Amino acid sequence: MPRMTADPALTAPATGAAFADQFWTSKDGLKLHYRDYAGRADRPAVLCLPGLTRNARDFAHVAERLGGEWRVICPDLRGRGDSAYARDSATYNPLQYAEDLGELFDQAGIDRFVAIGTSLGGLLTMIMALTMPQRIAGALLNDVGPEVSPAGLERIRGYVGQGRTFPTWMHAARALEESQGDVFPGYEISDWLDMAKRCMVVGGNGRIVFDYDMKIAEPLAQPGGESGVDLWPAIQALKGKPVTLVRGELSDILSKDVHRKMAKGLPGSDAVTVPKVGHAPMLNEPEAVAAIDRLLARVE
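These lines cover the structure that appears in this document, whether it is placed above or below. Given the structure is predicted, the values throughout are model-derived calculations rather than measurements.

## Remarks on the overall build of the protein chain
(1) Moving on: A count of helical and extended segments in the protein chain gives ten helices and eleven strands.
(2) Moving on: Here the C-alpha radius of gyration of the protein chain, 18 Å, is about what a compact globule of 300 residues would show, namely 19 Å.
(3) Moving on: With respect to the principal axes defined by its C-alpha atoms, the protein chain has extents near 50 × 40 × 40 Å.
(4) Moving on: Looking at the protein chain residue by residue over its 300 residues, the buried ones come to 55%.
(5) Moving on: Across the protein chain, every contact between residues at least 6 apart in sequence was considered, and the portion connecting residues at least 24 apart equals 73%.
(6) Moving on: When the accessible area of the protein chain is evaluated, it comes to approximately 12,700 Å², of which 52% is carbon and sulfur surface.
(7) Moving on: Here the protein chain contributes 33 positive and 38 negative side-chain charges, whose respective centroids are spaced 2 Å apart.

## A word on helix H2 (residues 94-108)
(1) Moving on: Its 15 residues give H2 an end-to-end C-alpha distance of 21 Å, which sits within 8% of 21 Å, the value for a rise of 1.5 Å per residue.
(2) Moving on: Of all 15 residues in H2, eleven are buried; the element is thus mostly enclosed.
(3) Moving on: Taken together, the buried residues of H2 touch strand E1 (20-25), strand E2 (31-37), strand E3 (45-49), strand E4 (72-75), strand E5 (113-118) and helix H3 (120-131).
(4) Moving on: The N-cap of H2, judged by a side-chain oxygen 3.1 Å from the amide nitrogen of Leu95 a few residues on, is Asn93.
(5) Moving on: Positive backbone phi, approximately 70°, marks Gly109, located one or two places after H2.

## Here we look at helix H4 (residues 150-159)
Since the α-helix advances by 3.6 residues per turn, residues separated by three or four positions end up pointing in the same direction.
(1) Moving on: Among all positions in H4, only Gly152, Leu153 and Ile156 are buried. Taken down its axis, H4 places every buried residue within 100° of arc, on the same side. Structural note: H4 exposes Pro150 and Ala151 on the side pointing more than 90 degrees away from its buried face.
(2) Moving on: The elements touched by buried residues of H4 are helix H7 (217-220).
(3) Moving on: One or two steps after H4, the chain reaches Gly161, where phi turns positive at roughly 85°.

## What to know about the pattern of salt bridges
(1) Moving on: Summed over the entire model, instances satisfying the criterion amount to 17 salt bridges.
(2) Moving on: Residue Glu69 is joined to Arg40 by a salt bridge in which the shortest nitrogen-to-oxygen separation is 3.4 Å. You can see Glu69 sitting in the loop between helix H1 (60-66) and E4 and its partner Arg40 sitting in the loop between E2 and E3, a full 29 residues away along the chain.
(3) Moving on: Taken together, the shared-partner salt bridges connect Arg40, Asp42, Arg43, Glu69 and Glu300 into one network.

## Structural notes on the side chain of Asp21
(1) Moving on: Along the chain, Asp21 falls in strand E1.
(2) Moving on: No salt bridge is formed by the buried Asp21. Its closest oppositely charged neighbour is Arg35, at 4.7 Å.
(3) Moving on: In this structure the side chain of Asp21 is engaged in a polar contact, spanning 2.6 Å, whose partner is the side chain of His33.

## Remarks on the side chain of His33
(1) Moving on: Secondary-structure assignment places His33 in strand E2.
(2) Moving on: Looking at His33, its side chain comes within polar contact range of the side chain of Asp76, at 2.7 Å.
(3) Moving on: In this structure His33 touches Asp21, Gln22, Phe23, Trp24, Pro75, Asp76, Asp82 and Ser83, once residues within four positions along its chain are discounted.

So, how was this worked out
Residues numbered from 1 in each chain as written. Predicted model: local features only at pLDDT ≥ 70, side-chain atom pairs only at ≥ 80, totals over all residues. Heavy atoms only, no water. Helix = DSSP H or I, 4+ residues; strand = E, 2+ residues; numbered from the N terminus. Rg over C-alpha atoms; globule rule 2.2 N^0.38 Å. Buried < 20%, exposed > 50% of the residue type's maximum accessible area, 1.4 Å probe, protein only. Contact = heavy atoms within 4.5 Å. Areas by Shrake-Rupley, 256 points an atom, 1.4 Å probe, with all protein chains shown as cover. Lys, Arg positive; Asp, Glu negative; His and termini not counted. Charge placed at Lys NZ, Arg CZ, Asp CG, Glu CD. Expected span 1.5 Å × (residues − 1). Polar contact = N/O pair within 3.5 Å; in protein donor to acceptor, adjacent residues only side chain to side chain. Arc of directions from axis to C-beta. Salt bridge = Lys/Arg side-chain N within 4 Å of Asp/Glu carboxyl O.

Honestly, that's just the spatial picture; any functional story needs more than this.
Structural data, given as structure tokens:
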């Protein structure tokens, strides 16, 4: 795995709560990583689940803000970040990720949690609503639903697994701006640099590389590879729990119609649209921050 990583020690961000780098083991023997931000023991943990090509660093701003008051768990799914790469690329699928998370909960002593799931992380939240509903104290689904818009899925398939590398962080940032400028039209170059450092690392040859196993694209190329199961029943499984449904105004993954249908199927849910953002909101937007706070207030 051609990447350079920091020592797995207690790490203190420049601002906000500190976290510990922790690890758990999957049933097939992979060493998987998560960030563990300490918090009150009398509340459920907050579980932050990233999108397809992303990792625990995407949720640093959420965790630093909530840590101390809430225990925040930010996993790297297999093949991402500081988690081991799978021997068999066929295991890069949502049902396997959900099984891995079940092992995390058992090994880390997590009985109940509030799930904040972005894109793939939201699909995993829906799967867990079907397979382990007793663990879910509340959920935020970030720009994803039981149906994925075909145009957005094809866009994702077009860039996942390409394996591009860059000589400098500025080159990496400019490449992200070129490919995702329509998703975040208000971003400045500093924002693109921040994003590059969340989703890329310095590889063993000194070039900037994406921080995931390129083979995660292989199952996605198969029909149904984006989820593998019908997730509309999961909406019913979330009924009666505090639920927030976030959509980016410019999203090509979660349509307005599906967003409305989800809200209708979950009476009392908090349906939120983040303006001037596509797939997916970073959850540091004012509308998203307020939505997270409302959700946690309902959980309490």
